[in-house]
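# Tertiary structure, described
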Amino acid sequence: MTPGGGAHAQAQALGGRLFQASLAAAELMTVYLGVRLGLYEALAKGPATAAEFADRAGVAPRYATEWLEQQAAAGIVTVDDGTVPADRRRYALPEGHRLALTDTGGPWAVAPLSVLPVGGIAPALPRLAEAMRAGTGVPPDAYGEALRAAQAGMNRSVFTDLLPGWLRSALPDVHQALRRPGAAIADVGCGTGTSSLVLARTYPLARVHGFDRDADALATARAAVPAAAAERVRFSAVDLANPADHADAADAVDLAGPAGAAGFDLVCVLDALHDMARPVEVLAACRAMLRPTGAVLLMEPRAAERFTAPADETERFIYTVSLLHCLPQSLVDEGSVGTGAVLRPETVRRHATAAGFARVTVLDVAHRFHRLYRLDLH
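Reference entry: report on the structure contained in this document.

### With respect to the pairing of strand E6 (residues 264–270)
- Most of E6 sits out of view: seven of its seven residues are buried.
- Pairing of strand E3 (residues 184–188) with E6, which is carried by four bridges, proceeds in the parallel orientation. Residue pairing across strands places Ile185 opposite Leu266, the latter belonging to E6.
- Two strands pair when backbone bridges link them, and E6 and strand E7 (residues 290–301) are joined in this way by six bridges, in the parallel orientation. Bridge pairing links Leu270 to Met299 in E7.
- Following the backbone out of E6, through helix H13 (residues 279–289) and into the adjacent parallel E7, one traces a crossover that is right-handed.

### Examining the environment of Thr102
- Here Thr102 is to be found in helix H5 (residues 95–102).
- The exposure class assigned to Thr102 is buried, which follows from its relative accessible area of 18%.
- Along the backbone, Thr102 and Val35 are 67 residues apart, and their C-alpha atoms lie at a distance of 8.0 Å.
- Beyond its immediate stretch of four places on either side in the chain, Thr102 contacts Tyr40 and Glu41.
- Separated by 2.7 Å, the side chain of Thr102 and the backbone oxygen of Arg98 make a polar contact.

### Re the packing of aromatic side chains
- In total, this model carries three aromatic pairs according to the counting rule given.
- For the ring pair Phe53 and Trp67, a centre distance of 5.7 Å and an interplane angle of 5° mean the geometry is stacked. Of this pair, Phe53 sits in helix H3 (residues 50–57) while Trp67 is found in helix H4 (residues 61–73), placing the two residues 14 residues apart along the sequence. Each member of the pair, Phe53 together with Trp67, is buried.
- Clustering of aromatic rings is evident, with ring pairs tying together Tyr40, Phe53 and Trp67.

### Quick look at the sheet that holds strand E8 (residues 359–363)
- Read from one edge of the open sheet, seven strands run E5-E4-E3-E6-E7-E9-E8, paired in mixed fashion. Edge strands, defined here as strands with exactly one partner in the open sheet, are strand E5 (233–237) and E8. Pairs of neighbouring strands in the sheet enclose a mean axial angle of 20°, with direction left out of account.
- Sheet strands in contact with helix H11 (residues 215–224) are strand E4 (207–212) and E5, and its direction is about 170° off that of E5.

### Considering the environment of Arg291
- Following the sequence through the fold, Arg291 ends up in strand E7.
- We classify Arg291 as buried; its relative accessible area is 10%.
- Separated by 206 residues in the primary sequence, Arg291 and Pro85 have C-alpha atoms spaced 71 Å apart.
- A distance of 2.9 Å separates the side chain of Arg291 from the side chain of Asp265, its partner in a polar contact.

### Here we look at unusual backbone geometry
- Of note, the bond from Ala309 into Pro310 is cis; its omega dihedral lies within 30 degrees of zero at -5°.
- In this model, Asp271 sits at a positive phi of 55°, which is unusual for a non-glycine residue.
- Locating Asp271 in the fold gives a position in the loop between E6 and H13.
- Unlike most non-glycine residues, Ala366 shows phi in positive territory, near 60°.
- By secondary structure assignment, the location of Ala366 is in the loop between E8 and strand E9 (370–376).
- Ala366 sits in the exposed class, given a relative accessible area of 69%.

Reading the values: the criteria
- Residues numbered from 1 in each chain as written.
- Predicted model: local features only at pLDDT ≥ 70, side-chain atom pairs only at ≥ 80, totals over all residues.
- Heavy atoms only, no water.
- Buried < 20%, exposed > 50% of the residue type's maximum accessible area, 1.4 Å probe, protein only.
- Helix = DSSP H or I, 4+ residues; strand = E, 2+ residues; numbered from the N terminus.
- Pairing = 2+ DSSP bridges.
- Right-handed = clockwise from strand over helix to strand, strands pointing away.
- Contact = heavy atoms within 4.5 Å.
- Polar contact = N/O pair within 3.5 Å; in protein donor to acceptor, adjacent residues only side chain to side chain.
- Phe/Tyr/Trp six-rings, centres within 6.5 Å; stacked < 30°, edge-to-face > 60°.
- Axes fitted to C-alpha atoms, helices over the stretch in contact; angles between N-to-C directions.

Written out as structure tokens, the structure is:
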């Protein structure tokens, strides 16, 4: 091997890898356009020529042709005969790809994931570069509505399709308690309320109270509450890390059950603790909200038990979203511990112990991206 040959081989290998990553990133941008403009929904209505598709989707014909050809070249849409003139080719969206790209509430939905990096994170990159030099945070408004919608979409099927079963199988005693009259659930960091509404549907006798400090997200949550559940589903703008807000949370606790049984049977913090600037203070507030027999349920990213490099794809994904979003937005608050999405079980145990919990149990539900934790008072 010639001098420097090893370094040259490394450079060539990295160049090839980054070309593939660049190609994937560019194709993701074209998927983002398809989601943003409703192009997949338009094509899902049936095969079409470029002209028919342009009229159906409400886009300019020349752009319609280019997008369809690019999507066919990428293997996302199909074309019946690529040898005929461009104006006669008919394009279609395969059924499996339709499920992935247009069925936003289904278990195979990938549209939120495509929106997240392109529409949600990319606009904040200049602010993030400045923050990395200054050691400051990046506020949520730098990311915008696209990120909020993507986050909600990514977790929707987890909450709808998996959370009820996890509660039955992994927390059977809590599940039984929540089926009784007078049961109460708190959903801390509830965001737009998808998890709160799933909990309310799963346990029709329970009161559900969602807490979040994002007033805009809570407005969306309140608007989604069905009339039949309006008396037992509430949302409050509360920051549980802030002692000044604890009085509002205490009022909710007092309303959570009948006389002599104030407090919550279950306090959920679902995919939210790692984003919080002061997680120990939040967990301590959650502990104070529990009934004596209650429990806290955490859902957090399935980070590895310990740091490993190179890491597998799951760990790499968690690190990227942590660096690009979770850590910067948590550092906005003064006194932030700067947890980030790579929240390992050892750190969860340390936070829970500092918050006063006596027992932390890892509930392995065999999900690629999520891990559950149960925190108990005794």
